[in-house]
Amino acid sequence: MNIILFGAPGAGKGTQSALLVARKKMRQISTGDLFRGHIKQQTRLGTEAKSFMDAGKLVPDDIVVGMVEDVLKDLGGQNFILDGFPRTVPQAESLDVMLMNNALKIDKAVFLDVPKDELMARLTGRRVCTGCGATYHVLAKKPKAPGVCDLCGSKLEQRVDDKEDVILTRLNAYEASTAPLVDYFKKKGQFVSVSGMGETEEIYKRIAGSL
Ligand code: AP5
Ligand code: MG
């Protein structure tokens, strides 16, 4: 089973992917995480992506597609979750070609449905581990010791694009470029909508039940 997990910034794609990875042994392919890894390693790809990400804008399609293609070629048969890709209709069209070329298919495109007014609170309160990337929230998912990751003990920090003005730009980019994918996946018969509101475990059960 291979899935696309999509939804607005802050909908919970990363949180739910972590559970699918742990419990269903799927591989998470998060384009945001891949770019942040490149930025940390100071690669050319990271340099190209950084200014777009810091401003809350989408990285150009050709850069993202090339990066995903390298990962898809190298899966070795493992089931995967696409988290944050595709994010535009041209990316979705490129994905179809890449899947065909690599004899892969997507079974479901799971849409995590969260109302807009909840997203800002989730994103401004998010803290991320600098070591293992685990995600916390200052109110909804506090670490045991303030500012320290429960899993690996590294320092937690705020993502540079989790500032209110940048979040607004990201939400606008989502509305303009990613929301149209709902119709794209509906036409392909892959679309499933799951409420992303409530407890993390409840949402996980909804996702698992929809697969
Ligand atoms: P990316 O890293 O993908 O960011 P995003 O799509 O904006 O999504 P987020 O990671 O912010 O949110 P999430 O849905 O994963 O939520 P999370 O689980 O963390 O992309 C970043 C940037 O990279 C983009 O802006 C763009 O520049 C570039 N990029 C990436 N992919 C691209 C592409 N394909 N094309 C072009 N550019 C691309 O949860 C958020 C918070 O809410 C956390 O604090 C969490 O603890 C909390 N939370 C989660 N679930 C719940 C719940 N049920 N109740 C309460 N709180 C909850
Ligand atoms: Mg994420």
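To be clear, the structure that these remarks concern was listed above.
Predicted model only: the values in this text are computed from it and were never measured.

*Asks:* Explain the packing of aromatic side chains to me, please; I cannot follow it from the model alone.
*Replies:* The geometry of two aromatic rings is summed up by the distance between their centres and the angle between their planes. Applying the stated criterion to the full structure yields 5 aromatic pairs. Plain terms: the ring middles of Phe 6 and Phe 111 are 5.2 Å apart, the flat faces sit at 45° to each other, and that makes the pair tilted. Remark: Phe 111 occurs in strand β4 (residues 108–113) and Phe 6 occurs in strand β1 (residues 3–6); sequence separation between them is 105 residues. The same class applies to Phe 6 as to Phe 111, namely buried. With centroids separated by 5.1 Å and ring planes inclined at 65°, the aromatic side chains of Phe 6 and Phe 185 adopt a geometry described as edge-to-face. One end of the pair, Phe 6, is in strand β1; the other, Phe 185, is in helix α8 (residues 181–187), with 179 residues separating them in the sequence. With relative accessibility at 2%, the residue Phe 6 sits in the buried group. In this structure an aromatic cluster arises from ring pairing among Phe 6, Phe 111, Tyr 184, Phe 185 and Phe 191.

*Asks:* I keep staring at the sheet that holds strand β8 (residues 191–195) and nothing clicks. Help me out?
*Replies:* In any sheet, the strands associate via hydrogen bonds between backbone groups, in a parallel or an antiparallel arrangement. On the basis of which strands lie adjacent, the open sheet formed by 5 strands has the order β2-β3-β1-β4-β8 and parallel pairing. At either margin of the open sheet sits one strand with a lone partner, and together these are β2 (27–30) and β8. For this sheet the average axis-to-axis angle between neighbouring strands, irrespective of direction, equals 25°. Bridge count for β1 against β4 is 4 bridges, and the pairing is parallel. The residue bridging Phe 6 from the neighbouring strand is Phe 111, located in β4. Most of the contacts of helix α9 (residues 200–210) go to β8, to which it runs at about 160°, and overall it touches β1, β4 and β8.

*Asks:* Honestly, the pattern of salt bridges in this entry has me stumped. Any pointers?
*Replies:* When the charged atoms of two side chains lie near each other, side chains of opposite charge can form a pair. Here the structure, examined in full by the defined rule, presents 12 salt bridges. For Asp 96, the salt bridge is made with Lys 188, and the minimal N-O distance between the two is 3.2 Å. Of this pair, Asp 96 sits in helix α5 (residues 89–101) while Lys 188 sits in the loop between α8 and β8, and the two are 92 residues apart along the sequence. Look at Asp 96 and you get partly exposed, because its relative accessible area is 26%. Looking at Lys 188, the relative accessible area reads 40%, which means it is partly exposed. Residues Lys 105 and Asp 107 are paired through a salt bridge, measuring 2.5 Å at the closest nitrogen-oxygen approach. Judged by its relative accessible area of 54%, Lys 105 is exposed. Owing to a relative accessible area of 26%, Asp 107 belongs among the partly exposed residues under this scheme. Three or more residues are tied together by salt bridges with common partners; here these are Arg 126, Arg 159, Asp 161, Asp 162 and Arg 170.

*Asks:* It is not clear to me how helix α1 (residues 13–24) should be interpreted in this structure. Could you clarify?
*Replies:* Working note: α-helix, 3.6 residues per turn, so residues spaced by three or four point in the same direction. In this model, α1 (12 residues) spans 15 Å end to end at C-alpha, consistent with the 16 Å of a helix rising 1.5 Å per residue. Turning to α1, its buried residues number three or more, namely Lys 13, Gln 16, Ser 17, Leu 19 and Leu 20. End-on view of α1: buried residues confined to an arc of 160°, all on one side of the axis. Just beyond α1, the residue with positive phi is Lys 25, at close to 55°.

*Asks:* Got a minute to help me understand the site of ligand 1 in this structure?
*Replies:* Taken together, 33 residues sit near ligand 1, with Thr 15, Lys 57, Arg 87, Arg 126 and Arg 170 positioned nearest. Between a nitrogen atom of ligand 1 and a side-chain N or O atom of Thr 31, the distance comes to 2.7 Å. At 2.9 Å, a backbone N or O of Gly 198 approaches a nitrogen atom of ligand 1. Protein chains shield 95% of the accessible area of ligand 1, which is 1,000 Å² for the free molecule. Those elements that provide at least two residues to the shell around ligand 1 are α1, α2 (31–41), α6 (116–124) and β6 (135–137). Of the residues contributing to the shell around ligand 1, the split by class is 12 nonpolar, 12 polar and 9 charged.

*Asks:* What should I look at first to understand the packing of α2 against helix α3 (residues 44–55) in this one?
*Replies:* For any two helices packed against each other, one specifies the inter-axial angle together with the distance between the axes. For the pair α2 and α3, the least separation of the axes is 8 Å and the interaxial angle reads 115°. Relative to α3, α2 is oriented so that their crossing is left-handed. From α2, Gly 32, Phe 35, Arg 36, His 38 and Ile 39 reach across to α3, where they touch Leu 45, Gly 46, Ala 49, Lys 50 and Met 53. Residue classes in the contact of α2 with α3 are distributed as 5 nonpolar, 3 polar and 2 charged.

Basis of the calculations
- Residues numbered from 1 in each chain as written.
- Chains lettered and ligands numbered in written order.
- Predicted model: local features only at pLDDT ≥ 70, side-chain atom pairs only at ≥ 80, totals over all residues.
- Heavy atoms only, no water.
- Phe/Tyr/Trp six-rings, centres within 6.5 Å; stacked < 30°, edge-to-face > 60°.
- Helix = DSSP H or I, 4+ residues; strand = E, 2+ residues; numbered from the N terminus.
- Buried < 20%, exposed > 50% of the residue type's maximum accessible area, 1.4 Å probe, protein only.
- Pairing = 2+ DSSP bridges.
- Axes fitted to C-alpha atoms, helices over the stretch in contact; angles between N-to-C directions.
- Contact = heavy atoms within 4.5 Å.
- Salt bridge = Lys/Arg side-chain N within 4 Å of Asp/Glu carboxyl O.
- Expected span 1.5 Å × (residues − 1).
- Arc of directions from axis to C-beta.
- Near = heavy atom within 4 Å.
- Polar contact = N/O pair within 3.5 Å; in protein donor to acceptor, adjacent residues only side chain to side chain.
- Areas by Shrake-Rupley, 256 points an atom, 1.4 Å probe, with all protein chains shown as cover.
- Nonpolar A, V, L, I, M, F, W, Y, C, P; charged D, E, K, R; others polar.
- Left-handed = near helix turned anticlockwise from the far one by under 90°.

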